[in-house]
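Fold and contact review
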2 protein chains.
Amino acid sequence: MKVVGVGCGPGMLTEQAVSAISDAAIIFGSKRAIALVAAHIPAGCIVREMVTFSPNQPIPDNAVILSTGDPQLAGLGYLGGEIIPGISSLQVAAARLHVPLEQVSIVIAHGKDHGRALDRIADEVKRGQNTFIIADPKFSITALCTALEGAGEDISIAVCEDLGYPDEKIQIGSIARPPQPVSPLFSVMVGRIESPPGDQKSH
Amino acid sequence: MKVVGVGCGPGMLTEQAVSAISDAAIIFGSKRAIALVAAHIPAGCIVREMVTFSPNQPIPDNAVILSTGDPQLAGLGYLGGEIIPGISSLQVAAARLHVPLEQVSIVIAHGKDHGRALDRIADEVKRGQNTFIIADPKFSITALCTALEGAGEDISIAVCEDLGYPDEKIQIGSIARPPQPVSPLFSVMVGRIESPPGDQKSH
């Protein structure tokens, strides 16, 4: 079994990912992941759309599992097998915002436990780390900013929507005046972020 | 100017990276970076091998600067311009060792200041984080293990050489019995690492 990172948007497939997909006999993945690789799926390949995977689920040895972004970053790498890295939303955000990755802590705010994620984010920001939040659509920027109260006026909130897609949108605000996402596909970078040249902060 | 991540080994170029290189009129990069993209350099393109770049150095607007791994991870992203992410050694190490990226802190141990890097590594490991060290050839595993004394018997030291290349080698040991790198191109993952299935720890 191979778990193949397909990147967080179009044009991010690596040569290794294209090769794995082109040789595949059976492919599993989300609708979005399948769309990102559609041009490389060979004739006769079985393609199955799946939203969730369980580690106990039987998966054929010759299967290729697609994982948006990088399989090791909130992706399907936990299924095991051979893992082919892909470009994550974190990397695209860091590239756009000109933030060095070694200065970034990562918090996953998926599922019901947003309270615990908010505590971790506040801890990381208060110890001076930029913090990248992989959010689900229900993650509240308002609750984030409540958790960050007192963290400092120099802290920016960058809401990154549809990273890597033609509709990509990055808005930068403050804890007092944060941007709000419209797309369900968003992530957030919190910390000391300078606006890239040519951009204007929204506050 | 574009700064293009070319991955840490062969076969990791993304479609966006291939496109930028195929359209380039002038390319700057290290010998290793140029070798990784050689098949895509167009006829007539000027190619200049460069080892170091200064932010004050005049770089033509139409230049493509190659950065091994990801430009935002100890790469050339600090030069600014449009940045195209690439697959980093961190991502390959995380894929091979089956470590989730959100559990990893990053420490850059380049240059003379290994003492400060060692302090940071010890701090991160002691607060329970897996820690990925981007090392220069002079980084001492022996000094690392001295700095980590008392961090716990369950801490593994994974020395990763030539990640992504045919000669790739990953050895896992303990603080008491660490592996030693032979290649000058290596990185280290420290923390609670389980050996991937089929592998044997070297201790």
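Values in this document were obtained by computation on a predicted structure and should not be read as measured data. (Residues numbered from 1 in each chain as written. Chains lettered and ligands numbered in written order. Predicted model: local features only at pLDDT ≥ 70, side-chain atom pairs only at ≥ 80, totals over all residues. Heavy atoms only, no water.)

Regarding the side chain of Asp162 of chain A
Residues and elements named next belong to chain A. On the secondary structure map, Asp162 appears in the loop between strand 8 (156–161) and strand 9 (169–174). In this structure Asp162 is buried but unpaired, with Arg32 as the nearest side chain of opposite charge at 7.3 Å. Contact partners of Asp162, with chain neighbours within four places excluded, come to Asp167, Glu168, Ser183 and Leu185. (Helix = DSSP H or I, 4+ residues; strand = E, 2+ residues; numbered from the N terminus. Buried < 20%, exposed > 50% of the residue type's maximum accessible area, 1.4 Å probe, protein only. Lys, Arg positive; Asp, Glu negative; His and termini not counted. Salt bridge = Lys/Arg side-chain N within 4 Å of Asp/Glu carboxyl O. Contact = heavy atoms within 4.5 Å.)

Some details on the relation of the copies chain A and chain B
Turning chain A through 180° and shifting it by 0.0 Å along the axis lays it on chain B, with an RMSD of 0.0 Å. The symmetry that links the two subunits is that of a two-fold axis. Considering only C-alpha atoms, the residue of chain A closest to the rotation axis is Thr14 of chain A, which sits at 2.1 Å. With an isologous cut-off of 70% or more, the 100% of interface residues of chain A that recur at the interface of chain B puts this contact in the isologous class. (Least-squares fit on C-alpha atoms with pLDDT ≥ 70 in both.)

Description of the interface of chain A and chain B
Opposite the 32 residues of chain A that make contact, chain B presents 32 residues. Counting each side, the surface lost to burial between chain A and chain B is near 2,600 Å², with a carbon and sulfur contribution of 51%. Considering only the surface of chain A that becomes buried against chain B, Glu15, Gln72 and Glu102 of chain A emerge as the three largest contributors, covering 23% of it. At the junction of chain A and chain B, the tally comes to 2 salt bridges. In this structure, Arg127 of chain B and Glu124 of chain A form a salt bridge, with 3.8 Å as the shortest nitrogen-oxygen distance. Summed over the shared surface of chain A and chain B, the result is 25 residue pairs in polar contact (both at pLDDT 80 or more). Mapped by element, the contributors of at least two residues to the side of chain A that touches chain B are helix 1 (15–22), helix 3 (89–97) and strand 6 (104–109) of chain A. If one sorts the elements of the side of chain A that touches chain B by residue count, helix 3 of chain A sits on top with 5 residues. (Buried area = accessible area lost by both parts, 1.4 Å probe. Polar contact = N/O pair within 3.5 Å; in protein donor to acceptor, adjacent residues only side chain to side chain.)

Looking at the domain arrangement of chain A
Residue and element names in this part refer to chain A. Split by domain assignment, chain A resolves into domain 1 (2–87) and domain 2 (90–191). Taking only C-alpha atoms into account, the centre of domain 1 sits 27 Å from that of domain 2. Counting residues at the interface gives 10 residues for domain 1 and 11 residues for domain 2. Summed over both partners, the interface of domain 1 with domain 2 comes to about 810 Å²; 73% of that surface belongs to carbon and sulfur atoms. For the pair domain 1 and domain 2, the interface holds 0 salt bridges. Here the side of domain 1 that touches domain 2 is built from residues that sort into 7 nonpolar, 2 polar and 1 charged. (Domains from an automatic or database assignment. Nonpolar A, V, L, I, M, F, W, Y, C, P; charged D, E, K, R; others polar.)

Focus: the sheet that holds strand 9 (residues 169–174) of chain B
Residue and element names in this part refer to chain B. One open sheet accounts for 5 strands, arranged 6-7-10-8-9; its pairing is mixed. The outermost strands of the open sheet, each flanked by one partner alone, are strand 6 (104–109) and strand 9. Neighbour-to-neighbour, the strand axes of this sheet turn through a mean angle of 20°, independent of strand direction. With 6 bridges joining them, strand 6 and strand 7 (residues 130–135) adopt parallel strand pairing. Paired with Val107 across the bridge in strand 7 is Ile133. In the packing of helix 3 (residues 89–97) onto the sheet, contacts are made with strand 6, strand 7, strand 8 (156–161), strand 9 and strand 10 (186–191), and the angle to strand 10 comes to roughly 50°. Along the sheet, helix 4 (residues 114–126) contacts strand 6, strand 7 and strand 10; its crossing angle with strand 6, the most-contacted strand, is approximately 170°. (Pairing = 2+ DSSP bridges. Axes fitted to C-alpha atoms, helices over the stretch in contact; angles between N-to-C directions.)

Some remarks on the pattern of salt bridges
Residue and element names in this part refer to chain B. Counted under the stated rule, the structure contains 10 salt bridges over all chains. Residues Glu124 and Arg120 are paired through a salt bridge, measuring 3.5 Å at the closest nitrogen-oxygen approach. In this pair, Glu124 and Arg120 are both assigned in helix 4, 4 residues apart and thus about one turn of the helix distant. Salt-bridge contacts for Asp154 lead to Arg192; the nearest nitrogen and oxygen are separated by 2.7 Å. Residue Asp154 is located in the loop between helix 5 (141–147) and strand 8, and its partner Arg192 is located in the segment after strand 10; the two are separated by 38 residues in the primary sequence. In this structure Asp154 comes out as partly exposed when scored by relative accessible area, which is 42%. By relative accessible area, Arg192 is classed as partly exposed at 43%.

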